[in-house]
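For reference, the chains in residue letters:
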Amino acid sequence: MSRALAAEAPTVQFPLVKHAADIGWTVVSTADATRKRGGEAGAFFYDELREQLLRLNPGVVTPENVQSAIQRMESVPATIAGNREMLDWIRGNRTVLNESEKRHRNVTVVDFRNLDRNVFQVTYEWTCRIGQRKPNRADVVFLINGVPVAIVENKNPKLADAMERAITQLRRYEIETPELLVAPQLFNVTHLLDYHYGVTWNYTRKGIFNWKERRSESYRDAVQSFFEQRRFLPMLKEWILFFVKDDELQKTVLRQHQTRAVEKVVERCATAEKRRGLVWHTQGSGKTFTLITAARLILDDKPRFPGATVMLVVDRNELEGQLSGWVEAMIGEMQGAQIAIAWAESRARLQELLDQDFRGLIISMIHKFDG
């Protein structure tokens, strides 16, 4: 162990693991983690993944097809597109063939409704060694049901450029051992004094955010508020977004002001006695991501919002410019979830849709209201 790593382990890494253990993450030693992975090239904790797939999908995932489902997850390419595919698995959007019914059924990898049906684990010094390539070692890895979901890089707080070193290390992982980053969706970088987070496959300065916990400034509270299961699972399920910008697949996570705005919009819409609300965003704070995520959550929750109509009014530049591919992809996903989508290309068409009592998502652009 290097001198720098020796300093990081007792001051940052081990306390982080302990703080996670205190809120319900089971600590797995490095040796046991390597054994569970079947070696340093292994992507998952295979026993946990197999057992949970069977437990969470009775009659759908069976002893006969469970290995096939795991192999499909293992074969995901070590790219950002593969990372998006892994998120689809985590969110339950992938299927297996049910032989008895002769149709494909969705597979639950994580139970987002019932926390106690999941297995939460954390381990440290996770080495990824693929063939003859130089290995890399992540400081801390968090897993749910055997699937890595978050990676943490710790740095010695005495180093002046500690945080930049952590980001540089993550970038190096992506280049040298991208297999290490196929499954994990989120990352933390920390040196006790600051606690930052972001999504894997995006290490730009604009994509890394300071985690702000209002109740305390302590390191323990930063760790525990980020990984507290009731907050962490919604982050995996709702707040991570893939989008196309300049013909390139990219990834981001909603920041805390955006998630609070989305939650408040949804709560206000569910409150019968209140009919209006205002969320103020500054330029560049992610209005479109906030708007479309709020619309999706309302329309997805059919029991809470039966027969809902959402009208989304956006800037033409965002629909016709750099985010157009992401907007189209999101709309496609909503249509796949049996949500009706209508475009109001004119004021007359918008009025017609409202007169018809259309139920679903109506998309219009702000310039349609000129005059």
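This text goes with the structure placed above it.
Residues numbered from 1 in each chain as written. Predicted model: local features only at pLDDT ≥ 70, side-chain atom pairs only at ≥ 80, totals over all residues. Heavy atoms only, no water.

A.B. asks: Help me understand the overall build of the protein, please; the structure alone is not making it clear to me.
C.D. replies: Each helix and strand counted, the protein has 13 helices and 14 strands in total. Of all 371 residues assigned to the protein, the portion counted as buried reaches 49%. Taking the intrachain contacts of the protein between residues at least 6 apart in sequence as the baseline, contacts between residues at least 24 apart amount to 61%. Accessible surface, the protein: about 18600 Å² in total, of which carbon and sulfur atoms supply 49%. (Helix = DSSP H or I, 4+ residues; strand = E, 2+ residues; numbered from the N terminus. Buried < 20%, exposed > 50% of the residue type's maximum accessible area, 1.4 Å probe, protein only. Contact = heavy atoms within 4.5 Å. Areas by Shrake-Rupley, 256 points an atom, 1.4 Å probe, with all protein chains shown as cover.)

A.B. asks: Quick question: what am I supposed to make of the pattern of salt bridges here?
C.D. replies: When the charged atoms of two side chains with opposite charge come close together, those side chains can pair. Under the definition given, this model contains 18 salt bridges. Between Arg94 and Asp88 there is a salt bridge, with its nearest N and O atoms 3.5 Å apart. Residue Arg94 is classed as partly exposed on the basis of its relative accessible area of 27%. The exposure class of Asp88 is partly exposed, given its relative accessible area of 22%. Three or more residues are tied together by salt bridges with common partners; here these are Lys237, Glu238, Arg296 and Asp300. (Salt bridge = Lys/Arg side-chain N within 4 Å of Asp/Glu carboxyl O.)

A.B. asks: I'm lost on the nonpolar core in this one. Help?
C.D. replies: Ranked by size, the top nonpolar core spans 101 residues in total, and within it Phe142, Phe227, Phe232 and Leu236 carry the most contacts. By residue number, the principal contributor to this core is helix α10 (residues 287–300), which donates 7 residues. When sequence neighbours within four positions are dropped, the list of residues in contact with Phe142 reads Leu16, Ala20, Trp25, Gln121, Val122, Val147, Pro148, Val149, Ala150, Val152 and Phe227. Within the second largest apolar cluster, 6 residues are counted, among which are Ala342, Ala344, Leu350 and Phe358. (Core = buried A, V, L, I, M, F, W, Y, C linked by side-chain atoms within 4.5 Å.)

A.B. asks: Would you mind showing me how to read the pairing of strand β11 (residues 248–253) here?
C.D. replies: Strand residues, when the strand is regular, have side chains that alternate between the two faces of the sheet. Pairing of strand β10 (residues 240–245) with β11 involves 6 bridges; the strand directions are antiparallel. By the bridge assignment for β11, Phe242 is matched with Lys251. (Pairing = 2+ DSSP bridges.)

A.B. asks: Explain the side chain of Thr290 to me, please; I cannot follow it from the model alone.
C.D. replies: Summarising the element assignment, Thr290 is placed in helix α10. For Thr290, a relative accessible area of 7% gives the class buried. Residues within four places of Thr290 in sequence aside, it is in contact with Gln258, Ala261, Val262 and His281.

A.B. asks: For this particular structure, what's the right way to read the packing of aromatic side chains?
C.D. replies: To describe a pair of aromatic rings, you give the distance between the ring centres and the angle between the ring planes. Across all of its chains, the model carries 19 aromatic pairs by this definition. Note on Tyr197 and Trp211: the rings are 5.3 Å apart at their centroids and 85 degrees apart in plane angle, and the pair reads as edge-to-face. A residue pair is termed long-range when its members are at least 10 positions apart, and Tyr197 in strand β8 (residues 195–199) and Trp211 in the loop between β9 (209–210) and α7 (219–227) qualify at 14 residues. Here a set of aromatic residues connected by ring pairs shows up, and it is made of Trp25, Phe120, Phe142, Tyr195, Tyr197, Phe209, Trp211, Tyr219, Phe226, Phe227 and Phe232. Stacked on the ring of Phe45, the Lys or Arg Lys36 has its end atom at 5.9 Å from the ring centre. (Phe/Tyr/Trp six-rings, centres within 6.5 Å; stacked < 30°, edge-to-face > 60°. Lys NZ or Arg CZ within 6 Å of the ring centre and 35° of its normal.)

A.B. asks: I tried to follow a positive patch on the surface on my own but got confused; where do I start?
C.D. replies: A cluster of basic residues, Lys212, Arg260, Lys264, Arg268 and Lys274, forms a positive patch on the protein surface. If you trace the backbone, Lys212 turns up in the loop between β9 and α7. For Lys212, a relative accessible area of 58% puts it in the exposed group. (Patch = residues over 30% accessible without salt bridge, like charges linked within 9 Å, V, L, I, M, F, W, Y side chains within 5 Å. Lys, Arg positive; Asp, Glu negative; His and termini not counted. Charge placed at Lys NZ, Arg CZ, Asp CG, Glu CD.)

A.B. asks: Explanation requested: the packing of helix α3 (residues 46–56) against helix α4 (residues 66–74) in the structure shown.
C.D. replies: Each packed pair of helices is defined by two parameters, the angle between the axes and the distance between the axes. Where α3 contacts α4, the two axes come as close as 10 Å, and the packing angle between them is 125 degrees. Considering their axes alone, α3 and α4 lie oblique with respect to each other. In this structure, the crossing between α3 and α4 has a hand that is right-handed. Together, Tyr46, Leu49, Arg50, Leu53 and Leu54 of α3 and Val66, Gln67, Ile70, Met73 and Glu74 of α4 make up the contact between the two elements. (Axes fitted to C-alpha atoms, helices over the stretch in contact; angles between N-to-C directions. Parallel < 35°, antiparallel > 145°, perpendicular 65-115°, else oblique. Left-handed = near helix turned anticlockwise from the far one by under 90°.)

A.B. asks: Help me understand the pairing of strand β4 (residues 120–128), please; the structure alone is not making it clear to me.
C.D. replies: The buried fraction of β4 is high, at 8 of 9 residues. Taken together, the 3 bridges between strand β1 (residues 26–28) and β4 define a ladder with parallel strand orientation. Its bridge partner being in β4, Val28 is matched across the sheet by Thr123. The pairing of β4 with strand β5 (residues 136–144) spans 8 bridges and is antiparallel. Counted as the bridge partner of Tyr124 is Val140 from β5.

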